[in-house]
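# Coordinate inspection notes
The residues making up each chain are set out below.
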Amino acid sequence: MCVNIPAGVSDTVELGTPGTLVSWTELTCSDLSGTPEVTSRSHIPNSFFTVGSTDVTYICIDASGNTESCVFPVTVIAIDTTPPQCVNLPNEISKTVKLGTPGIEISWIEPTCSDISGTASITTRSHTPPSFFSVGMATVSYTCTDLSGNSETCTFPVTVSTAPHNCPENIIVETNVGEQTANVFWKETFENNTVWNKSAYLTASHAPGDDFLLGNTMVLYTFYDADGIIIDSCQFCVTVVSGGMIVGCPRHAIVTSAKGMSTNVTLHNPVVLSDGSPRNLSSLTKVSPGDNFKVGVTRVTYREDKAICRFTIIVKDITPPELVHCTQDILVQLQPGETSSEVNWVVPKARDYESEFVCVQSTHSPGDRFEAGLTTVTYTFSDNAGNEATCKCGVHVARADDTNPPNIVNCPESVLNYEFQEREDNYEVFWRTPTAADDLNLPIAVSSSHSNRDRFPIGSTDVTYIFTDVVGNVATCRFEVYISG
C-alpha cells in the first residue's frame with residue numbers, strides 16, 4: 001500500500017501563463033513482506049504542469065508481484081492580478097471662451113477598458129459627456145475594473161481659458177532735453193464691451209496720456225466680475241529714457257559654456273535713443289549677433305558718437321580630455337612559489353583641445369607588483385578647466401597552483417520534465433540560467449549548447465553549459481530536458 005500520499009497538490013499562476021513547475025514529497029510503499037518499492041510513477045517532483053487538474057499516479061509492487069496504484073491530483077489555478085487598461089483615453093481637451101464667460105459645455109468620446117481576462121468595464125467616472133466646465137483646469141477620471149476586482153484609474157485634463165485681449169506691447173520713449181518725465185500714449189485694444197456686457201468692470205493703474213518718470217513703470221489693467229472677483233488682467237511696461245541713453249547694453253558679463261573650441265552666443269545690438277529715433281551702435285570689436293566665440297574672455301565694445309557700451313563674454317570649457325590610448329585588461333599567472341608578480345603596460349595617454357598640458361593621476365604604475373586576484377588600475381586626466389576623463393583596466397593575476405574550477409550556481413536538476421497538452425512540433429522551455437564565479441574574481445568564459453526559452457522537440461534533449469577560467473580550469477553543468485505531450 002502507498003504511504004503519505006498527498007490529498008492533493010495545488011499552485012497558482014498569473015492568468016495567461018501556460019503552467020508552472022510543481023513539487024511534492026514523494027510517497028513510500030508499505031507491505032507485510034517488508035520489501036515493497038515504487039515501480040513506476042507518471043511524474044516526478046518539480047515537473048511542469050499546465051493550468052487545470054492533472055492526476056499523478058504511483059505504482060507500488062512487493063516481492064510477490066502484487067501491485068497497488070495510488071493517485072492524487074495536481075491542480076494549477078490561473079489567477080488574475082493584472083489591472084485592466086484604459087483604451088482611447090483623450091490626451092487633453094482645451095477650449096477658449098470670451099472674457100467674462102463662466103465656462104462651456106464640452107463633449108468627448110469615452111474611453112473603453114481592456115483586460116487580459118477579456119472582460120472589464122468602466123465602474124466610476126468623474127464626468128459624463130457632455131459636461132459643463134468652468135474657466136480654469138479640471139481633471140476627468142475613469143476607473144476600469146475587471147471580474148477579479150482589479151482596477152485602474154486613468155485621467156486627462158480639461159482646460160478652459162479666456163480669449164486674449166490684445167494687451168499693448170512694452171513701450172520705450174525718450175524725454176525731451178532737460179526733462180524728467182515723458183507724456184505717453186497707447187491704444188486700448190482689449191474688448192471693453194465684452195466685459196461691460198457681463199456687468200463687469202475694470203480698474204487701471206494709468207491711462208493713455210499720463211506722464212511717466214524716468215525708468216520703468218508697470219501699467220496694470222484688472223478685470224472684475226459683478227461680484228468683485230478678479231477674472232483677468234493685462235500688464236505692460238513703459239520705459240522712459242533721457243535723450244542719448246543706450247538701450248540693450250548688458251550690465252554684466254555674458255557667461256556660457258562650450259563643447260569644443262568655440263560656441264555660438266546670441267547677442268542683441270544695443271541702440272541709442274536720440275531725438276526720439278533709435279539708432280544701432282557700431283561694434284568696435286567686429287562681432288555680430290550669432291558669432292562663435294572661442295573659450296576664454298572676449299571684451300566687446302559698441303560706440304555711437306559719445307555713447308559707449310562695453311561688456312564681457314566669458315566662454316567656459318566643459319569638454320573633457322580625449323583618451324588617445326587606454327590600456328586593455330591584463331592577465332598574468334604567478335610562477336611556482338610567487339605571491340605577487342611585476343606587471344608592465346603602456347601608459348594611457350590623453351589630449352585636450354584647449355589646454356596645452358593635461359594633468360594625469362594614477363592608482364598604480366608600470367612595474368608595480370600585484371598579488372593574486374583582480375586589481376583595478378585607474379588613470380585620471382584633467383585639463384585646466386577641471387574637466388576629467390578616466391581610463392580603467394583590470395589586472396588579473398592567477399595563482400601558479402590554480403586548479404580550482406569555477407563555482408557553478410543555479411545548475412538545474414539532472415532532469416527537467418515538461419508536459420504539454422496541445423500537440424506542437426516543439427515547445428518553448430524555460431529554466432534559471434546557470435552562472436559561475438571564480439574564487440579570485442578572475443574572468444570566466446561561458447559557452448552553452450542551448451539557452452533559456454529555446455524551443456525543444458518531444459523527447460529527451462541534453463543541455464550543457466561549460467565555464468572556463470583564465471587559466472583553463474573547466475566546470476560543466478549538464479541536465480536533460482524531457483518533453484512529453
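Calculation notes
- Residues numbered from 1 in each chain as written.
- Predicted model: local features only at pLDDT ≥ 70, side-chain atom pairs only at ≥ 80, totals over all residues.
- Heavy atoms only, no water.
- Helix = DSSP H or I, 4+ residues; strand = E, 2+ residues; numbered from the N terminus.
- Rg over C-alpha atoms; globule rule 2.2 N^0.38 Å.
- Buried < 20%, exposed > 50% of the residue type's maximum accessible area, 1.4 Å probe, protein only.
- Contact = heavy atoms within 4.5 Å.
- Areas by Shrake-Rupley, 256 points an atom, 1.4 Å probe, with all protein chains shown as cover.
- Phe/Tyr/Trp six-rings, centres within 6.5 Å; stacked < 30°, edge-to-face > 60°.
- UniProt positions renumbered as here; feature names shortened; annotations may be inferred.
- Pairing = 2+ DSSP bridges.
- Axes fitted to C-alpha atoms, helices over the stretch in contact; angles between N-to-C directions.
- Disulfide = S-S within 2.5 Å.
- Salt bridge = Lys/Arg side-chain N within 4 Å of Asp/Glu carboxyl O.
- pLDDT = per-residue confidence, 0-100.

## Observations concerning the overall build of the protein chain
- In terms of regular secondary structure, the protein chain is built from 1 helix and 47 strands.
- Here the protein chain has a C-alpha radius of gyration of 41 Å; the compact-globule value for 485 residues is 23 Å, and the former is much larger.
- Oriented by its inertia axes, the alpha-carbon framework of the protein chain measures out at about 130 × 75 × 35 Å.
- Across the 485 residues in the protein chain, those meeting the buried criterion constitute 33%.
- In the protein chain, the proportion of contacts linking residues at least 24 apart, taken out of those at least 6 apart, comes to 58%.
- Summed over all atoms, the accessible surface of the protein chain reaches about 28,000 Å², with 48% contributed by carbon and sulfur.

## Brief notes about the packing of aromatic side chains
- Counted by the stated rule, this structure contains 17 aromatic pairs.
- On the numbers, 6.0 Å between centres and 65 degrees between planes, the contact of Trp24 with Phe49 is edge-to-face. Highlighted residues: Trp24 in the loop between strand E3 (19-22) and strand E4 (28-29) and Phe49 in strand E6 (residues 47-50), separated in sequence by 25 residues.
- With 5.3 Å between their ring centres and 75 degrees between their planes, Trp186 and Phe236 make a pair best called edge-to-face. Taken as a pair, Trp186 in the loop between strand E18 (181-183) and helix H1 (192-197) and Phe236 in strand E22 (residues 230-241) lie far apart in primary sequence, 50 residues in all.
- Here the aromatic residues Phe48, Tyr418, Phe420, Tyr427 and Phe430 are joined through ring pairs into a cluster of three or more.

## Remarks on the UniProt feature "domain: HYR" (unreviewed entry) in the protein chain
- If you check UniProt for "domain: HYR" (unreviewed entry), the listed places come out as residues 1-78, 79-162, 163-242, 316-399 and 401-485 in our numbering.
- The span residues 316-399 is 0% helix and 52% strand, and its two end C-alpha atoms sit 50 Å from each other.

## Details of the sheet that holds strand E16 (residues 151-162)
- What the 4 strands build is an open sheet, ordered E10-E16-E15-E13; its pairing is mixed. Strand pairing shows two members of the sheet lacking a second neighbour, strand E10 (93-97) and strand E13 (120-125), which therefore form its edges. Across this sheet, the average inter-strand angle for adjacent strands is 25 degrees, counted without regard to direction.
- Where strand E15 (residues 136-146) and E16 come together, 10 bridges link them in antiparallel fashion. Its bridge partner being in E16, Ser141 is matched across the sheet by Thr155.

## Points about the sheet that holds strand E7 (residues 52-61)
- Spatially, E2-E8-E7-E5 is the arrangement adopted by the 4 strands of the open sheet, whose pairing is mixed. Of all strands in the sheet, those bounded by a partner on one side alone are strand E2 (9-14) and strand E5 (37-41). In this sheet, neighbouring strand axes are inclined to one another by 25 degrees on average, regardless of whether the strands run parallel or antiparallel.
- Where E2 meets strand E8 (residues 67-79), 6 bridges bridge the pair, whose relative direction is parallel. Bridge assignment links Thr12 to a residue of E8, and that residue is Ile77.

## Quick word on the side chain of Thr222
- Inspection of the secondary structure puts Thr222 in strand E21 (residues 215-224).
- Setting aside residues up to four positions removed in sequence, Thr222 forms contacts with Tyr201, Leu202, Thr203, Ile230, Asp232 and Ser233.

## With respect to the state of the cysteines
- If you walk through the whole model with that rule in mind, you get 6 disulfides.
- The disulfide bridge from Cys326 ends at Cys391, spanning 2.0 Å between sulfur atoms. Because the torsion about its S-S bond is 95 degrees, the bridge between Cys326 and Cys391 counts as right-handed. Of this pair, Cys326 sits in the loop between strand E32 (322-325) and strand E33 (330-333) while Cys391 sits in strand E39 (residues 388-398), and the two are 65 residues apart along the sequence.
- For Cys326, a relative accessible area of 26% translates into the label partly exposed.
- By relative accessible area, which is 1% here, Cys391 ends up buried.
- One disulfide bridge connects Cys411 with Cys477, the sulfur atoms lying 2.1 Å from each other.

## Quick notes on the environment of Val184
- Tracing the sequence through the fold places Val184 in the loop between E18 and H1.
- Remark: the alpha-carbon pair of Val184 and Asp211, spanning 27 residues in sequence, is separated by 6.3 Å.

## Some thoughts on unusual backbone geometry
- Cis geometry is adopted by the peptide bond preceding Pro130, which originates at Pro129 and carries an omega value of -10 degrees.
- Along the polypeptide, Pro130 turns up in the loop between E13 and strand E14 (131-134).
- With a phi angle near 70 degrees, Asn410 is a residue other than glycine that sits in the positive phi range.
- By the secondary structure assignment, Asn410 is in the loop between strand E40 (407-409) and strand E41 (415-419).
- Overall, Asn410 belongs to the partly exposed group, its relative accessible area being 31%.
- If you check the backbone angles, Arg453 has positive phi at about 75 degrees while not being a glycine.
- Given a relative accessible area of 49%, Arg453 falls into the partly exposed group.

## A closer look at the pattern of salt bridges
- Taken as a whole and judged by the stated rule, the model has 7 salt bridges.
- Arg41 is paired through a salt bridge with Glu26; the nearest N and O atoms lie 2.8 Å apart. You can see Arg41 sitting in strand E5 and its partner Glu26 sitting in the loop between E3 and E4, a full 15 residues away along the chain.
- Residues joined in a network through salt bridges with shared partners are Arg399, Asp401 and Asp439.

## Brief notes about the environment of Thr301
- Secondary-structure assignment places Thr301 in strand E30 (residues 296-304).
- Spatially, the C-alpha atoms of Thr301 and Ala389 are 37 Å apart, while their sequence positions differ by 88 residues.

## As for the confidence of the model for the protein chain
- Mean pLDDT for the protein chain: 85, with 93% of residues reaching 70 or above.
- The secondary-structure element of the protein chain with the lowest mean pLDDT is H1, recorded at 42, while strand E46 (residues 459-469) shows the highest, at 95.
- Counting contacts from residues 192-199, a segment whose pLDDT is below 50, to residues more than four positions away or on other chains yields 11 contacts.

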